[in-house]
Amino acid sequence: MKDFTLHIPTKIIFGKDAIKKLGDQIKGNYNKVLLHYGGGSIKKSGLYNDVVRILKDNDCEIFELSGVEPNPKLGLVRKGVQMAKENEIDLILAVGGGSAIDSAKAIGIGALYDGDVWDFYSGKLEPEITIPVGVVLTLPATGSEASRGSVITNEDGLYKRSTGGDFMRPVFAIMDPTYTLTLPTKQTFAGIMDIMAHIFERYFTQTPHVNLTDSLCEGTLKTVIQNAYIIKEDSQNYDARAEIMFAGTIAHNGLLGVGREEDWSSHDIGHEISALYGTTHGETLSIIFPAWMKYVYKENVDRFVQFATKVFDVSEAEMDKDEIAIEGIKRLEGFISDIGLPKSFTEANLPTDKIDLMAEKATEDGPLGNFKKLYKDDVIKIYKLAK
Ligand code: NZQ
Ligand code: ZN
């Protein structure tokens, strides 16, 4: 196990009617709130009215910036930065999924910087301070409600890039699983794939002696898989939705990755697909992860054997290690099919004529990943395996 520091200050307020505690977070702390959200799902559900009423009851001056798109864009972030600077905003309240939260985080760091906020995403500069960000979460997936990162797409050149820091974790996250009952089927399961992918990026490591976090990863993955099947049969099941929502936070708040080297190449390879085609983040992962696994498993077969046996209950009888590893990957593919997500470019109706360009962009700052270092040619092979 490697040395580590773990700092997760986000206050999680979880459960039915958690929104009633929003006022307590605001009162005496914030006066000028930038309310930031997406395309209107929060108006349909009535959540928007609840949030505005609570902010007004707590004497806040409300500024609004809506229209965050899935795979949030730099253009709107820049608009938010300007609003935050002009109005001396002291809290950015993101209401929605990962896109609204990431956009809010970008505005938070951009508002306290004189230059262009993209400098933090292009790698030119590390962010150091932010306006506080609060969250009312409506989509369990990205873990952004407690994570240290933010991912933004620059329309100029279609670059989807991330930045982060512990100080960027939201100050609070209101998480009521009831809000997730209105999610479209695709978003529910793309979110579930994303949650699993956040665990895979940590679980598939070359760091030895990480038994405790291995068990936490395996337990979280099993919980997610079991409850995904419950939701498939009964989309209005509160308890299953609650399990998924909390798993989403646990999968990506940093706990499961402590003491080990993480990978993250599949996310980077997937981001290039979203950048070009606007594909839902979770779908890029259902396409890329099985291909990545097939490409790299020989680097540490034992770890893939552990995955197959502990997560998908593959029996070790009468199979050699390679066969067990492959069987684990096959069962993951079976699960992806069961929840209706694509496992390939073809199943997602995506073209494959830009593989070379995507691999070039993905590796232009150097090789990806740690489980196996991936250079441009490796990335091309993974895209081809996912055709
Ligand atoms: O925009 P609205 O109208 O709100 O609709 C959204 C959007 O169309 C809808 N939605 C959200 N909650 C709903 C709902 N519809 C009905 N009922 C609800 N309760 O769902 C659609 C997708 O929302 P979005 O926020 O884009 O999804 P997600 O949470 O999956 O966020 C994806 C973004 O987060 C990034 C991804 O790359 C992607 O850009 N990620 C952020 C991470 C982080 N900051 O730590 C880590 C992740 O790996 C990921 O990269
Ligand atoms: Zn993700």
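By the naming in an unreviewed UniProt entry, the chain is Iron-containing alcohol dehydrogenase, taken from Paratissierella segnis.

Let us look at the sheet that holds strand β2 (residues 32-37). Strands sit in the order β1-β8-β5-β4-β2-β3 across an open sheet of six strands; the sheet is parallel. What marks the edges here is a single partner per strand, and that holds for β1 (11-14) and β3 (61-65). Each strand axis lies, on average, 20 degrees off the axis of its neighbour in the sheet, ignoring direction. In terms of strand pairing, β1 meets strand β8 (residues 172-175) through four bridges, oriented parallel. In the sheet register, K11 faces β8, and the bridge partner there is F172. Sitting on the sheet, helix α4 (residues 74-87) is in contact with β2 and β3, with an inclination near 160 degrees to β3.

In this section: the UniProt feature "domain: Alcohol dehydrogenase iron-type/glycerol dehydrogenase GldA" (unreviewed entry) in the chain. UniProt annotation of "domain: Alcohol dehydrogenase iron-type/glycerol dehydrogenase GldA" (unreviewed entry) refers to residues 9-177 when read in the numbering used here. Helix makes up 31% of residues 9-177 and strand 25%, with an end-to-end C-alpha separation of 21 Å.

Bound to the zinc ion (ligand 2) are the protein donor atoms D194 (OD), H198 (NE2), H267 (NE2) and H281 (NE2), situated 2.0 to 2.2 Å from the metal. A residue is classified by how much of its surface remains accessible, and D194, at 2% relative accessible area, is buried. The exposure class assigned to H281 is buried, which follows from its relative accessible area of 15%.

Let's shift gears to the site of ligand 1. Neighbouring ligand 1 are 32 residues, the closest being G39, G98, S99, D102 and S147. The separation between an oxygen atom of ligand 1 and a polar main-chain atom of G40 is 3.0 Å. Take T182: an N or O atom from its side chain is 2.8 Å from a nitrogen atom of ligand 1. About the coverage of ligand 1: the protein hides 88% of its 970 Å² of free accessible area. Secondary structure elements with two or more residues in the shell around ligand 1: α5 (98-110), β6 (149-154), α7 (185-203) and α10 (265-277). Among the residues forming the shell around ligand 1, the class breakdown is eight nonpolar, 21 polar and three charged.

Okay, the nonpolar core next. Counting 64 residues, the largest nonpolar core has F200, W292, M293, F304 and Y383 as the members making the most contacts within it. It is α7 that provides the largest number of residues to this core, a total of ten residues. Judged by nonpolar contacts, the second largest core, of 34 residues, contains L65, L76, A106 and Y121.

Our next topic: a nonpolar patch on the surface. A contiguous nonpolar surface patch, about 310 Å² in accessible area, is contributed by M1, F4 and L6. Position of L6 among the secondary structure elements: in the segment before β1. The exposure class assigned to L6 is partly exposed, which follows from its relative accessible area of 36%.

Turning next to the packing of aromatic side chains. All told, the structure shown has 21 aromatic pairs when counted by the stated rule. Ring geometry for Y229 versus F335: centroids 5.6 Å apart, planes at 80 degrees, classification edge-to-face. Residue Y229 is located in helix α8 (residues 211-233), and its partner F335 is located in helix α13 (residues 321-338); the two are separated by 106 residues in the primary sequence. Exposure remark for Y229: the relative accessible area of 33% places this residue in the partly exposed category. Taken together, a centroid distance of 6.4 Å and an interplanar angle of 45 degrees make the contact between W292 and F304 tilted. Pair noted here: W292 is in helix α11 (residues 281-296) and F304 is in helix α12 (residues 301-311), with a separation of twelve residues, a long-range link. Just as W292 is buried, F304 falls in that class too. The structure contains a cluster of three or more aromatic residues connected by ring pairs, namely F200, Y203, F204, F289, W292, Y297, F304, F307, F312 and F371. In this structure, K43 packs its charged tip against the face of Y48, placed 4.6 Å from the ring centre. Above the ring of Y159, the side-chain terminus of K361 is found at 4.7 Å from the ring centroid.

Another aspect to go through is the pairing of strand β7 (residues 159-164). With six bridges connecting them, β6 and β7 associate as antiparallel partners. What sits directly across from N154, in β7, is Y159. Counting the residues in the hairpin turn of β6 and β7 gives four residues, including G157, whose phi is positive at 95 degrees.

All told, the structure shown has 22 salt bridges when counted by the stated rule. A salt bridge links D166 to R169; its shortest N-O distance comes to 2.9 Å. By relative accessible area, D166 is classed as partly exposed at 28%. Taking the relative accessible area as the measure of exposure, R169 reaches 8% and is therefore buried. Across the pair E262 and R202 runs a salt bridge, and its minimum N-O distance is 3.4 Å. Pair noted here: E262 is in the loop between α9 (238-252) and α10 and R202 is in helix α7, with a separation of 60 residues, a long-range link. Connected via shared salt-bridge partners are R148, D166 and R169.

Rules and cut-offs
Residues numbered from 1 in each chain as written. Chains lettered and ligands numbered in written order. Predicted model: local features only at pLDDT ≥ 70, side-chain atom pairs only at ≥ 80, totals over all residues. Heavy atoms only, no water. Pairing = 2+ DSSP bridges. Helix = DSSP H or I, 4+ residues; strand = E, 2+ residues; numbered from the N terminus. Axes fitted to C-alpha atoms, helices over the stretch in contact; angles between N-to-C directions. Contact = heavy atoms within 4.5 Å. UniProt positions renumbered as here; feature names shortened; annotations may be inferred. Donors = N, O, S within 2.8 Å, 3.2 Å for Na, K, Ca; no water. Buried < 20%, exposed > 50% of the residue type's maximum accessible area, 1.4 Å probe, protein only. Near = heavy atom within 4 Å. Polar contact = N/O pair within 3.5 Å; in protein donor to acceptor, adjacent residues only side chain to side chain. Areas by Shrake-Rupley, 256 points an atom, 1.4 Å probe, with all protein chains shown as cover. Nonpolar A, V, L, I, M, F, W, Y, C, P; charged D, E, K, R; others polar. Core = buried A, V, L, I, M, F, W, Y, C linked by side-chain atoms within 4.5 Å. Patch = residues over 30% accessible without salt bridge, like charges linked within 9 Å, V, L, I, M, F, W, Y side chains within 5 Å. Salt bridge = Lys/Arg side-chain N within 4 Å of Asp/Glu carboxyl O. Phe/Tyr/Trp six-rings, centres within 6.5 Å; stacked < 30°, edge-to-face > 60°. Lys NZ or Arg CZ within 6 Å of the ring centre and 35° of its normal.

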